[in-house]
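# Topology and contacts: notes
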Amino acid sequence: MLPRWALLAALGACEPGRATLGLLDDPEAGWWAWGDPHVHSDWSYDGCEDAAADCGPTGERPGAPFVDSAVAEDLDFAALVDHAEADRYEPDGEGGASLDIYAGQAAVVAELRAAGPLGLLGFEWTAYRDEVVDGHARGTHRTVIVDPPEGCLGMRVAGFRLEGGASEAGQGAARWVQDGDTPAVDTVAELWATLDRAAADCRGRWLSFAHHTAWSVPQRTDWGLAENAPERETVVEVLSEHGADECLDPEAEGCAWGVAGRREDYAPEGSVQAALLAGYRLGFVGGTDAHDGRAGSLDDGPGAV
């Protein structure tokens, strides 16, 4: 079972001092809500719910393990934040059924809410960049959680265009297709501006935070680059199944959780300590970053990556 890291009250990024998405009316009352703010399922192009079946969905539809595991782990909340780049999922490949990803996510979130835990809808915004600016690497990954939970199409923003408009699974026939009119923005500031406009139209709200910030693979968040500044964020993800992103020196005592064998991929300039030394005031959350759909579980099986 996942150590109970994640405190939803810390996620009050929209209005400082107020709890997010209505779970807590009074953060000072002393009731803590535990959950998992970072879960992927087969709605993501790197999801892998059933490794024995070419990473196909488990259950009647993608995301079924998200509901089952959140209930089994007795979580108060869980967020389904599949990648935003693809719009449609074709589990049997081209010519088969074509499922709307955002609507599918929202249906899974609604199912979780009906089962008891607070289901949260969101996405991962991935800014892959191969550029270096003044010695600092561009690129970052942000988790975004939105309200209303049934979704608002404008509050889903891609970080890049899929080559050829689609991504094929490393195994099986499945495809994830990006529609031609999908918005894609380059920087965190553009992401926030897009979310603001959509939230105004939808009477919605949102929060975001950076994750796996110190891992060169898949990509770090270099806090020395101004465009990565968490100016509208109050927390950062410090732990996930990728390991700990805390320390400038992963060799220091207490800093090696999950790092063993991957130190060559560790980027100190992306560590949480580097962000704090840069003057950013941030609280901390942990999420699984599970790609098998199982909220609250680090027992992640072989994945698509």
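To start, this report covers the structure provided alongside it. (Residues numbered from 1 in each chain as written. Predicted model: local features only at pLDDT ≥ 70, side-chain atom pairs only at ≥ 80, totals over all residues. Heavy atoms only, no water.)

### A look at the overall build of the protein chain
- Regarding its fold elements, the protein chain presents four helices and 15 strands.
- Buried residues in the protein chain amount to 55% of all 305 residues.
- Considering only contacts within the protein chain whose residues lie at least 6 apart along the sequence, 73% involve residues at least 24 apart.
- As displayed, the protein chain offers around 12,800 Å² of accessible surface, 49% of which is attributable to carbon and sulfur atoms. (Helix = DSSP H or I, 4+ residues; strand = E, 2+ residues; numbered from the N terminus. Buried < 20%, exposed > 50% of the residue type's maximum accessible area, 1.4 Å probe, protein only. Contact = heavy atoms within 4.5 Å. Areas by Shrake-Rupley, 256 points an atom, 1.4 Å probe, with all protein chains shown as cover.)

### Quick word on the environment of Gly-180
- Along the chain, the position of Gly-180 falls in the loop between strand E11 (175-177) and helix H3 (188-202).
- The sequence separation of Gly-180 and Arg-161 amounts to 19 residues, and the corresponding C-alpha distance is 9.1 Å.

### A closer look at the nonpolar core
- Counting 41 residues, the largest nonpolar core has Phe-66, Phe-123, Val-146, Met-155, Trp-176, Leu-191 and Leu-195 as its most contacted members.
- Listed by contribution, the elements that provide at least two residues to this core are helix H1 (64-72), strand E3 (77-80), helix H2 (101-115), strand E6 (118-127), strand E9 (140-147) and H3.
- Beyond its immediate sequence surroundings of up to four residues, Met-155 is in contact with Tyr-102, Phe-123, Val-146, Asp-147, Leu-195, Ala-198, Ala-199, Gly-204, Arg-205 and Trp-206. (Core = buried A, V, L, I, M, F, W, Y, C linked by side-chain atoms within 4.5 Å.)

### A look at the sheet that holds strand E5 (residues 99-100)
- Strands sit in the order E5-E4-E11-E10 across an open sheet of four strands; the sheet is antiparallel. The sheet terminates laterally at E5 and strand E10 (166-168), the two strands that pair on one side only.
- Where strand E4 (residues 88-90) and E5 come together, two bridges link them in antiparallel fashion. By the bridge assignment, Arg-88 is partnered in E5 with Asp-100. (Pairing = 2+ DSSP bridges.)

### Focus on the state of the cysteines
- Summed over the entire model, instances satisfying the criterion amount to three disulfides.
- One disulfide in the model links Cys-247 with Cys-255; its S-S distance is 1.9 Å. Where Cys-247 bonds to Cys-255 through sulfur, the torsion about that S-S bond is close to -60 degrees, and the disulfide is left-handed. Neither Cys-247 nor Cys-255 differs from the other in exposure class; each is buried.
- Taking only the cysteines that form disulfides and numbering them from first to last, the protein chain has the pattern 1-2, 3-4, 5-6. (Disulfide = S-S within 2.5 Å.)

### A word on the packing of H1 against H2
- It is at 9 Å that the axes of H1 and H2 come closest, and there the two elements cross at 25 degrees. By the criterion of interaxial angle, the relationship of H1 to H2 is roughly parallel. Helix-helix and strand crossings are classified by hand; for H1 and H2 the assignment is right-handed. On H2, the residues touching Phe-66, Val-67, Ala-70 and Val-71 of H1 are Val-108, Glu-111, Leu-112 and Ala-115.
- When the residues that make up the contact of H1 with H2 are grouped by side-chain class, the tally is seven nonpolar, no polar and one charged. (Axes fitted to C-alpha atoms, helices over the stretch in contact; angles between N-to-C directions. Parallel < 35°, antiparallel > 145°, perpendicular 65-115°, else oblique. Left-handed = near helix turned anticlockwise from the far one by under 90°. Nonpolar A, V, L, I, M, F, W, Y, C, P; charged D, E, K, R; others polar.)

### Here we look at H3
- Here H3 is 15 residues long and its end C-alpha atoms lie 21 Å apart, about the 21 Å a rise of 1.5 Å per residue gives.
- Within H3 the residues assigned to the buried category are Val-188, Leu-191, Trp-192, Thr-194, Leu-195, Ala-198 and Ala-199. One side of H3 carries all its buried residues, which in axial view fall inside an arc of 160 degrees. Of the residues in H3, the exposed ones pointing more than 90 degrees away from the buried face are Ala-189, Arg-197, Ala-200 and Asp-201.
- Where the residues of H3 are buried, they touch E6, E9 and strand E12 (205-210).
- Arg-203 lies just past H3 and shows a positive phi near 55 degrees. (Expected span 1.5 Å × (residues − 1). Arc of directions from axis to C-beta.)

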